[in-house]
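# Structural description and commentary
So you can see what is in the structure, the chains are spelled out below.
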Amino acid sequence: MSDSLAPAPLTLEAALDRMALERLVVTYCHAIDRRDLALVRSLYHDDAVDDHGAMFCGSPDEYVAWLPAMLANWQATRHAVGNMLFLIEGDTANGEIPTTAWHRTADGTRDLIANGRYLDQYARRGGVWKFLRRSLVLDWMEERAVAPSPGGEVDDGVELGRAGPDDPVYARLPLFGADRLTRA
């Protein structure tokens, strides 16, 4: 039986599959933003393809090898997703995932905001859903100058996030820290 976007009763198995696919998608956002490249790699099947258009298209290993140079352009990134739609048929699934990705330039003077969609193909193997093909479609871009802080720092005393293993999430949330250390 084929899945459909039309309203229909949702089985427990279908709900669990959607939850697993949502977790895969949001874990990708966390892994990219925290520069956890081992985690990024673990989200793809070995025969998968990541297609970011003219920027990059290749295997998961090639993608992870390409990421450090690309991410070096950015002081910070924040990927967010919403309105996830999945169609599931057996051990395969497709997903349209709207995304907004904020990129702060390495010198901190500009923000580049990409608004687009991931058009994903997934496969469940050994009971685990992973990306089989991840394609990025860009809907529009914005570029903004970063305004200087107005003084009287609103963020005084608040620890700043960092890309990489020194981000506060790993020190403040022990389960996150232990999980990253197991892949380091």
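Remember, it's a predicted structure, so these values are computed and weren't measured experimentally.

### Section: helix α3 (residues 60-71)
For α3, which comprises 12 residues, the first-to-last C-alpha distance of 16 Å matches the rise-based estimate of 16 Å (1.5 Å per residue) to within 8%. Within α3, the full set of buried residues consists of P60, Y63, V64, L67, M70 and L71. For α3, the buried positions fall inside an angular range of 125 degrees around the axis, keeping them on one side. The exposed set on the far side of α3, more than 90 degrees from its buried face, consists of A65 and A69. Next to the buried residues of α3 lie α1 (12-33), α2 (37-42), β1 (44-51), β2 (57-58) and β3 (74-81).

### Points about the pairing of strand β5 (residues 92-105)
In this sheet, β5 lies alongside β3 in antiparallel orientation, the contact comprising 7 bridges. The partner of A76 across the bridge, within β5, is R104. Direction of pairing for strand β4 (residues 85-89) relative to β5: antiparallel, over a ladder of 5 bridges. Looking at β5, one finds that L87 is bridged to N94. Remark: 2 residues form the turn of the hairpin made by β4 and β5, two consecutive strands paired antiparallel; G90 in that turn has positive phi of roughly 65 degrees. In this sheet, strand β6 (residues 110-125) lies alongside β5 in antiparallel orientation, the contact comprising 13 bridges. Residue N94 lies in a different strand from β6, and its bridge partner there is Q121. Here β5 hands over to β6 after 4 residues, with G108 in that stretch at a positive phi of 75 degrees.

### Some details on the packing of aromatic side chains
Scanning the model with the defined rule gives 9 aromatic pairs in all. A ring pair is formed by Y122 and F131, whose centres lie 5.8 Å apart and whose planes are at 35 degrees; its orientation type is tilted. Each of the two residues, Y122 as well as F131, counts as buried. One aromatic cluster is present, formed by Y28, Y44, F56, Y63, W66, F86, Y118, Y122 and F131 through successive ring pairs. Above the plane of the ring of Y28 lies R134, whose end atom (NZ or CZ) is 4.4 Å from the centre. The residue whose ring lies beneath R134 is Y118, and the NZ or CZ to ring-centre distance is 3.7 Å.

### Describing the nonpolar core
Within the largest apolar cluster, 26 residues are counted, with the highest numbers of intra-cluster contacts made by Y28, V40, Y44, Y63 and Y122. Taken together, the elements giving at least two residues each to this core come down to α1, α2, β1, α3, β4, β5, β6 and β7 (128-145). With 6 residues, α1 is the largest single contributor of residues to this core. Those residues within four positions of Y63 in sequence are excluded, and the remaining contacts are Y28, I32, V40, Y44, D50, H52 and F56.

The rules behind these values
Residues numbered from 1 in each chain as written. Predicted model: local features only at pLDDT ≥ 70, side-chain atom pairs only at ≥ 80, totals over all residues. Heavy atoms only, no water. Helix = DSSP H or I, 4+ residues; strand = E, 2+ residues; numbered from the N terminus. Expected span 1.5 Å × (residues − 1). Buried < 20%, exposed > 50% of the residue type's maximum accessible area, 1.4 Å probe, protein only. Arc of directions from axis to C-beta. Contact = heavy atoms within 4.5 Å. Pairing = 2+ DSSP bridges. Phe/Tyr/Trp six-rings, centres within 6.5 Å; stacked < 30°, edge-to-face > 60°. Lys NZ or Arg CZ within 6 Å of the ring centre and 35° of its normal. Core = buried A, V, L, I, M, F, W, Y, C linked by side-chain atoms within 4.5 Å.

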